[in-house]
Amino acid sequence: MKPFTVILACTTAGVTSAQTIVCPPDAPASMKLAAREVRRYVYLRTGTLLEIAADRADQTIRLAVDAALAPQQCRLKSAGASLTISGGSDVAVLYGAYAFAEKLGVRFYLHGDVIPDEKIPLRIPQFDETCKPLFETRGIQPFHDFPEGPDWWSTDDYRACIAQLPKLKMNFIGFHNYPGELLLWHGVAEDVNLDGTVKTSYPSMWFSNARSGWGYAALKTGDFTAGAAELFPADDIHSEVVGGDDRHFDRVGRMLGTIVKDAHARGIKVAVGTETPLQIPGPVQTRLKELNKADAAREIYKGTFTWLMRNAPVDYCWAWTPEGWIWSGNSMAQYQAVEKDLKAAQAALAELGNPFPLGTCGWVLGPQQNRAAWNELLPKNAPIANINPLAGHAPIDAGFSLIKGRPKWAIPWFENDPDMIAWQPWVKRMRYDAVDALRRGCTGLMGIHWRTRILAPNISALAQAGWDQSWARPERLLKIVRRNPGTSATFTAPVAGTEQDAVYLTLRYGLDSYPVEVPNGTYTVTLKFNEPHYDQPGKRVFGVKVQGRKVADHLDVFANVGKNHAFDLAVSGVRVEDGIVDIKHLTFTAFHRHLTDFAALITDGAPSPSDSAAKLFAGMIHELEFRRDILNIAI
């Protein structure tokens, strides 16, 4: 949201008056909540407790739905001693109420509110401001699996976070469940009772201090030092849903039901899902055989969806493409296995009357053969989402540009999981991830996280960037760039002539043009080549154009330096006026389709070898904290 320019405590043009909050008696629940929230924050800042009434002619703070506004658009308009908080829907009115609280100096975060101690006079400033989100869907994706995150949260903890989301003008919360974790029950529909409880169960868990895992060792609370042991009633501390019996899925179902109910009351949509292809627990496989169920994936999806419908009628169920695909790619067989699994899930939903769309999320946007593959497979109401690669250190996936006519959600990382013992100040990254998401046509912007309070600046930055990006450099707000990045291959032999072997070991084939997006300016582009495959001259001869200028003609790297040897070519004076450095590949030999591995190091004005060498990153476009003084891009 564009920041309001007038703070109530600082205005001199306001009118002091005995106000009444006007809210229609037949208003929806969220509008009545908006009225109570206005009264609460006015009281906290001014010490004045206002009356809420059905109507009054003057000196009012009036809440109203305005059909002339878009569904999520809100407006604050003053007239004399009165103020109207309006929105295109009842939820938008709630957004407006919190926008007014921000006028009072209140600041909202996921972990809670920040309210100044000093009281201020009650004044109504003179303003007329309207705000509308840039993304239809905005929110959070708290991630299970580590003790820093929601594995510890109680139902009340979830409710507290959900209550903060509309204050941040967010309207989405999503959950991921690893196989073997507790969030989703898997079984056949016949084993789900009408009240949502289940007839069968199997071992499953969330994190506790008694569990070892990646980066953690089990330790009884009684062995905690410095008096910390006295804080806990038992040696094993865990979420309320875990318990000591086999009814944990019933408790999870009740908790999810409360989460969904609270979320829907505040205009928040909920997604939940697990990894694909579906991994069926052993006891459930036995149950399938007992019932002579042949189509295992379809039957289990049908059972899981039935369990969700009876416990927690979510808005989306999403299937997560495998985590291994980000680190080691995928084979065609793996691609086909996920495709088959998604079709089984769609068939199960159709059998149940399509209670909610099936979307996708994951560690990559789609298979490496076609990052936009799910766009061709899923119905148009199904969202396609993706968390940024490399634990948030990579930009928004360029493949979003190829997905059309459906919800598509970018999910940057508020923090990375290898460093959750530290503060991670990623405000700039959040802001420019939001810019890239908008530029690529994304309709949703969420953030993945485990912690809350320590991430307050990051969460606030992404929330605000979902409404306003007027601060963004104009050259970043470009038309979508279409590129054919080809397919990558990686070699392992050491590379002579460099200490940065990794930069020279990944090549792409099927590549003809690669536009790289940078701020406008004059650059030196250093092309860094290697011949990792052929061992004789004449096998790979090619040319390169940069910004339409031919900078290499019939270049044969092997003939120049031999195999597995770095070869650099600097191109100075490259002028960028439209935010694009266009690098084109010209093929002169017929022995191959792939381009010799190269990285383009782009610096302002002139090369800076001592600074750039340590910052090159292989295998991806990498804009290091989006610094303008040096952008290192490896392709």
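Residues numbered from 1 in each chain as written. Predicted model: local features only at pLDDT ≥ 70, side-chain atom pairs only at ≥ 80, totals over all residues. Heavy atoms only, no water.

**A look at the state of the cysteines**
Under the defined criterion, the tally for this structure stands at 0 disulfides. A disulfide-free cysteine, Cys131 has its sulfur positioned 3.1 Å from the sulfur of Cys74, the nearest such atom. Here Cys131 falls in the buried class, since its relative accessible area comes to 8%. (Disulfide = S-S within 2.5 Å. Buried < 20%, exposed > 50% of the residue type's maximum accessible area, 1.4 Å probe, protein only.)

**A few points about helix α8 (residues 332-351)**
For α8, built from 20 residues, the straight-helix expectation of 28 Å at 1.5 Å per residue is met to within 8% by its first-to-last C-alpha distance of 29 Å. Listing the buried residues of α8 in full gives Tyr335, Val338, Asp341, Leu342, Ala344, Ala345, Ala348 and Leu349. Residues of α8 that are buried make contact with α6 (296-311), β14 (316-321), α7 (324-328), β15 (358-362) and α9 (373-377). Of the residues flanking the end of α8, it is Gly353, one or two places downstream, whose phi is positive at about 90°. (Helix = DSSP H or I, 4+ residues; strand = E, 2+ residues; numbered from the N terminus. Expected span 1.5 Å × (residues − 1). Contact = heavy atoms within 4.5 Å.)

**So, helix α10 (residues 427-439)**
Taking 1.5 Å per residue as the helical rise, α10 with its 13 residues ought to reach 18 Å, and the 19 Å between its terminal C-alpha atoms agrees with that figure. Those residues of α10 lying buried are Arg429, Met430, Tyr432, Asp433, Ala434, Val435, Asp436, Ala437 and Arg439. Gly441 occupies a position one or two residues after α10 and carries a positive phi of about 80°.

**A short note on the confidence of the model for the protein chain**
Reading fine detail from the predicted coordinates is not recommended where pLDDT is low. In this model, the protein chain carries a mean pLDDT of 85, and residues with pLDDT of at least 70 account for 85%. Taken as a whole, residues 1-17 scores under 50 in pLDDT and shows 47 contacts with residues more than four places along the chain or in a different chain. Every residue in residues 604-635 scores below 50 in pLDDT, and together they form 87 contacts with partners more than four places removed in sequence or on other chains. (pLDDT = per-residue confidence, 0-100.)

**Overview of the sheet that holds strand β5 (residues 74-79)**
Taken in spatial order, the 6 strands line up as β3-β2-β4-β6-β5-β10 in an open sheet, and their pairing is mixed. The open sheet has two edge strands with one neighbour each: β3 (51-53) and β10 (128-131). Averaged over all neighbouring strand pairs, the angle between strand axes comes to 15°, with direction disregarded. Across 4 bridges, β5 lies against β10 in antiparallel orientation. Pairing of Arg75 across the sheet is with Thr130, part of β10. Against the sheet, helix α1 (residues 29-46) engages β2 (20-22), β3, β4 (60-65) and β6 (82-87), with an angle of about 155° to β4. Packing of helix α2 (residues 90-103) onto the sheet brings it into contact with β4, β5, β6 and β10, and relative to β6 it is tilted by some 135°. (Pairing = 2+ DSSP bridges. Axes fitted to C-alpha atoms, helices over the stretch in contact; angles between N-to-C directions.)

**Here we look at the environment of Leu122**
Inspection of the secondary structure assignment puts Leu122 in the loop between β8 (112-114) and β9 (123-124). A residue is classified by how much of its surface remains accessible, and Leu122, at 8% relative accessible area, is buried. For the pair Leu122 and Arg45, spaced 77 residues apart in sequence, the C-alpha separation works out to 8.4 Å.

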